[in-house]
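# Descriptive structure summary
The residues making up each chain are set out below.
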Amino acid sequence: MPGPRFSDGDSAMARWPGSNLYFEIQILSFDSGSQLYSVLFKDGTEMNIKESDIRSLNIFRPKRGSASPSRRRSRSRTRSRSPGRTPTQGRSPARTPKTDPKSSPVVRDSRKGDILKVHLTPLKPQDFIVETRNGKDAITRHAKLYRESPVIQAEEELKVYEKQIKNQKVLRYIQRKEYFAESENKDVNKKFILNPEPTRNIVPVEKPVVEFGGAIGATLVMLSMPPLLYYLLHMCAQKDASLWNFYPHWTFRDLWESTVFGYFALWILLLELFYLLPIGPIAHGVPLATGKRLSYRINGLFALFFIGVLVAVLLYYKINLLYVYQHLHQFAASATLLSVILSAYLFVRSRKASQEELSAAGKSRNFIYTFFMGRELNPRIGKFDLKHFSAVHAALIGWVFINFIMLLAEMDIQQLESPSASMISVNAFQLFYVLHALWNQESMLSSLDIAHEGFGFMLAFGNLVWVPFAYSLQAAYLVKHPVEISWAVLGAVVAMNTFGYIIFRSANNQKNAFRRNPEDPRLSYLKSIPTSCGSPLLASGWWGFVRHPNYLGDIIMAWAWCLPCGFNDVLPYFYGFFLTGLLIHRVSRVEHRCRQKYSHDWDKYCHLVPYRILPYVY
Ligand SMILES: NC(=O)C1=CN([C@@H]2O[C@H](COP(=O)(O)OP(=O)(O)OC[C@H]3O[C@@H](n4cnc5c(N)ncnc54)[C@H](OP(=O)(O)O)[C@@H]3O)[C@@H](O)[C@H]2O)C=CC1
Ligand SMILES: CC(C)CCC[C@@H](C)[C@H]1CC=C2C3=C(CC[C@@]21C)[C@@]1(C)CC[C@H](O)C(C)(C)[C@@H]1CC3
């Protein structure tokens, strides 16, 4: 068998697997057993590649007198989707085009002293409107060439870029056509195909996928979640909280009181007021289909602080905050009613929304399913963003508030001078989690719910009802079920929470920093996979450990929050089970989106990082 053609340390060009694109690499080693070269791409990706996919650099070198576009580009490199440099298509190196002397301006190249004749294809404004990252890069380079170098030998290169842009446009129309053909919306179909409105950003066309078991699943969830919540709250208030000790003897009055609804409405109005205060920085959400980015006022921490001051004032004036505990069921029912009213309003107003303003699921024609999933992505009344408000202010501040009420109730019912260690730890862990979320509020704007989900019953009920009333279940349980925990156990629980938090926080930080700036020198030790849609995927660090390390941290914390409630009952462990289930289900939803967006690059990532949440388990 002949020996290897390339030696360790050689530079060459290698074909990116599954494509026709060649990138510069360095040979690291050759394995005579598998006959594969271990190569290093310029962006740090290491791969094993066979010899037939590697070419000598000479093949790609331009002929004398012509300047290689790849070389020129590397001088003024913008971030491209290629690993390290812009790919060279196939094997044909760019050549200096023959230009038409009549139509070309004559310019002197001071660097070479040659007189070169250049013909530039004028760009039409619409050529600048493309939707992919790659297209953007092409235009940046295009414009750079235009500005920087009057001696442009790159007519051919420009043509390649124009072709790329056109291809992307064609692809976009085809995707749209397929998409709308599927959704059977003939009118919209015509509008987009005959009269295409150019979109101006990186918005992958999402195919609708039926989640939660479609209309039947949605109906079951909508009908079962409210009673489940009242059952859980009821069990927490029972002396014997074992799950089977359930003899419902509810009357309508147990669940409904108009005064309580009034107080709840007042609470929401107050939060809305704080939400609208012009305090705090403005952040921008992810690009929408219209190309716009919505602005959001980031003032959750201020709002929490004001609520804290208000609670302190009410306590000072001896206002009976235990009223909330005494009417917890009615408050939960009022919140449920409000979430239903809100969902109905959202559904009605979404009929006026344009297709671009709808979520992928919201384009379905099933009433029940879209009522549940939500149709409009970012329903706003003026500057008031209903979804953002409910996820941040109503859910998170409501959760902290109810927890605090439970702490007061425990002291009152158990005649304690200070809250128990279990109650303090549950309150402290969850307050810390909420403070973290509010401190990093800007990164929430790219979360699945804010960026991609419509606003319907699921999020309205989830945020207004489920988070404040079900996530505070451990504290509600401790009110009537005192648990003595030793310092050793407390220490172990704190250690477990800290461990979960470190994973959660560093995983989210790594991803957020990488998304903000993939070239960040502080992240240079991390490997990433270039993708055809432009945004690379982290493939080392936490995101190389499992595919959803932040969920792992979240789940560890969730169980740590249950442990201070002891082992007498299963009830306070509900949150651990619920969050684990929610995040496992969420993995499939997020991964479906990622597979659509990154296509085979996502499969590549899954191959490199085979486990989703827990190595060797899931
Ligand atoms: N306590 C609770 O009830 C809940 C808590 N959460 C928490 O909220 C936070 C946000 O959750 P969520 O939005 O679901 O999920 P993520 O924050 O994990 O976001 C998923 C997105 O991250 C990007 N991504 C995925 N893999 C990679 C990678 N390898 N490299 C770079 N980017 C990658 C993709 O977006 P793109 O391609 O756009 O970059 C993907 O769509 C999480 O920390 C979660 O634990 C969430 C739900 C409920
Ligand atoms: C109808 C069912 C009961 C559905 C319940 C689902 C909800 C509990 C969750 C759906 C998405 C959520 C989010 C958060 C809490 C849980 C719900 C409402 C979130 C506010 C938690 C804190 C995070 O930092 C976040 C990213 C802001 C979360 C947004 C999604």
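Keep in mind the model is a prediction, meaning the values are calculated, not measured.

### Digging into the overall build of the protein
Check the secondary structure of the protein and you find 23 helices and 14 strands. Counting over 618 residues, the protein shows a buried share of 50%. Counting only contacts in the protein whose residues sit at least 6 apart along the sequence, the fraction spanning at least 24 positions is 71%. Entry remark: accessible area of the protein is about 30,800 Å², with carbon and sulfur atoms responsible for 61%.

### Here we look at the pairing of strand β4 (residues 46–50)
Here β4 shows a buried face lined by Met47 and Ile49 and an unburied face lined by Glu46, Asn48 and Lys50. Pairing geometry for strand β3 (residues 36–41) and β4, over five bridges, is antiparallel. Following the sheet pairing, leucine 36 is matched in β4 by lysine 50.

### Observations concerning the packing of aromatic side chains
Per the counting criterion, the structure on display carries 38 aromatic pairs. Ring plane angle 70° and centroid distance 4.8 Å describe the contact between tyrosine 471 and tyrosine 575, whose orientation is recorded as edge-to-face. Note that tyrosine 471 is positioned in the loop between α17 (457–470) and α18 (473–480) and tyrosine 575 in helix α22 (residues 574–598), a separation of 104 residues in sequence. Grouping residues by exposure puts tyrosine 471 and tyrosine 575 together as buried. Sitting over the face of the ring of tyrosine 618, arginine 612 holds its NZ or CZ atom 4.8 Å from the ring centroid.

### Comments concerning the environment of threonine 45
Among the secondary structure elements, threonine 45 is positioned in the loop between β3 and β4. Along the sequence, threonine 45 and serine 528 sit 483 residues apart, while their C-alpha atoms lie 6.7 Å from each other. Sequence-distant contacts of threonine 45, defined by excluding residues within four places in its chain, comprise Trp16, Val39, Leu40, Ser528 and Pro530.

### Thoughts on the nonpolar core
With 129 residues, the main nonpolar core has Leu229, Trp399, Met406, Trp466 and Phe469 as its most contacted residues. Sort the elements by how many residues they give to this core and helix α13 (residues 386–413) lands first, with 16 residues. Ignoring sequence-local partners within four residues, the contact set of leucine 229 consists of Ala332, Val465, Trp466, Phe469 and Ala470. Ranked by size, the runner-up nonpolar core spans 14 residues in total, among them Ala12, Leu21, Phe23 and Ile25.

### With respect to the site of ligand 1
In the vicinity of ligand 1 there are 25 residues, among which Arg515, Tyr551, Asp554, Arg586 and Tyr598 approach most closely. In this structure, lysine 597 approaches ligand 1 through a side-chain N or O atom, which is 2.8 Å from an oxygen atom. Side-chain polar atom of tyrosine 598 to an oxygen atom of ligand 1: 2.3 Å apart, as the coordinates give it. Those elements that provide at least two residues to the shell around ligand 1 are α19 (487–516), β14 (537–538), α21 (549–562), α22 and α23 (600–608). Grouping the amino acids of the shell around ligand 1 by side-chain chemistry returns 16 nonpolar, three polar and six charged.

### Considerations on the side chain of glutamine 474
Summarising the element assignment, glutamine 474 is placed in helix α18. Given the relative accessible area of 0%, glutamine 474 is considered buried. Leaving out residues up to four positions away in the same chain, glutamine 474 has contacts with Val426, Gln430, Trp561, Cys562, Cys565, Pro572 and Tyr575.

### Thoughts on the site of ligand 2
Among the 14 residues in the neighbourhood of ligand 2, the closest are listed as Met444, Asp449, Asn463, Trp466 and Tyr471. For ligand 2, whose accessible area on its own is 630 Å², the fraction buried by protein is 88%. Mapped by element, the contributors of at least two residues to the shell around ligand 2 are α6 (214–237) and α17. Examining the composition of the shell around ligand 2, we find that seven residues originate from one element, α17, more than from any other.

### Considering a nonpolar patch on the surface
Together, Phe305, Val309, Val313, Tyr316, Tyr317 and Ile319 make up a nonpolar patch on the protein surface, roughly 670 Å² of accessible area in all. Along the chain, valine 309 falls in helix α9 (residues 300–316).

### Points about the packing of α19 against α21
Relative placement of two packed helices is described by the angle separating their axes and the distance separating the axes. One way to put it is that α19 packs onto α21 with a least axis distance of 7 Å and a crossing angle of 160°. As judged from the angle between their axes, α19 and α21 are roughly antiparallel. The two elements α19 and α21 meet at a crossing, and its hand is left-handed. Contacts from Val493, Met496, Asn497, Phe499, Gly500, Tyr501, Ile503, Phe504, Ala507 and Asn508 of α19 reach α21 at Pro549, Asn550, Leu552, Gly553, Asp554, Ile556, Met557, Trp559, Ala560 and Trp561. When grouped by side-chain class, the residues that make up the contact of α19 with α21 number 14 nonpolar, five polar and one charged.

### Quick look at helix α8 (residues 258–276)
For α8, with 19 residues, the first-to-last C-alpha span of 27 Å sits near the 27 Å given by 1.5 Å per residue. All buried positions along α8 are accounted for by Val260, Phe261, Phe264, Trp267, Ile268, Leu271, Phe274 and Tyr275. Taken down its axis, α8 places every buried residue within 145° of arc, on the same side. Across from the buried face of α8, at angles greater than 90 degrees, the exposed residues are Ser258, Leu266, Leu269 and Leu273.

### Observations regarding the confidence of the model for the protein
In regions of low pLDDT, the predicted coordinates are not meant to be interpreted in detail. Residues with a pLDDT of 70 or more make up 74% of the protein, whose mean pLDDT is 79. Within the model, the stretch residues 169–205 combines pLDDT values under 50 with 60 contacts to residues more than four positions away or in other chains. Overall fold confidence for the complex sits at a pTM of 0.72, while the interface term, ipTM, reaches 0.96.

Calculation rules
Residues numbered from 1 in each chain as written. Chains lettered and ligands numbered in written order. Predicted model: local features only at pLDDT ≥ 70, side-chain atom pairs only at ≥ 80, totals over all residues. Heavy atoms only, no water. Helix = DSSP H or I, 4+ residues; strand = E, 2+ residues; numbered from the N terminus. Buried < 20%, exposed > 50% of the residue type's maximum accessible area, 1.4 Å probe, protein only. Contact = heavy atoms within 4.5 Å. Areas by Shrake-Rupley, 256 points an atom, 1.4 Å probe, with all protein chains shown as cover. Pairing = 2+ DSSP bridges. Phe/Tyr/Trp six-rings, centres within 6.5 Å; stacked < 30°, edge-to-face > 60°. Lys NZ or Arg CZ within 6 Å of the ring centre and 35° of its normal. Core = buried A, V, L, I, M, F, W, Y, C linked by side-chain atoms within 4.5 Å. Near = heavy atom within 4 Å. Polar contact = N/O pair within 3.5 Å; in protein donor to acceptor, adjacent residues only side chain to side chain. Nonpolar A, V, L, I, M, F, W, Y, C, P; charged D, E, K, R; others polar. Patch = residues over 30% accessible without salt bridge, like charges linked within 9 Å, V, L, I, M, F, W, Y side chains within 5 Å. Salt bridge = Lys/Arg side-chain N within 4 Å of Asp/Glu carboxyl O. Axes fitted to C-alpha atoms, helices over the stretch in contact; angles between N-to-C directions. Parallel < 35°, antiparallel > 145°, perpendicular 65-115°, else oblique. Left-handed = near helix turned anticlockwise from the far one by under 90°. Expected span 1.5 Å × (residues − 1). Arc of directions from axis to C-beta. pLDDT = per-residue confidence, 0-100.

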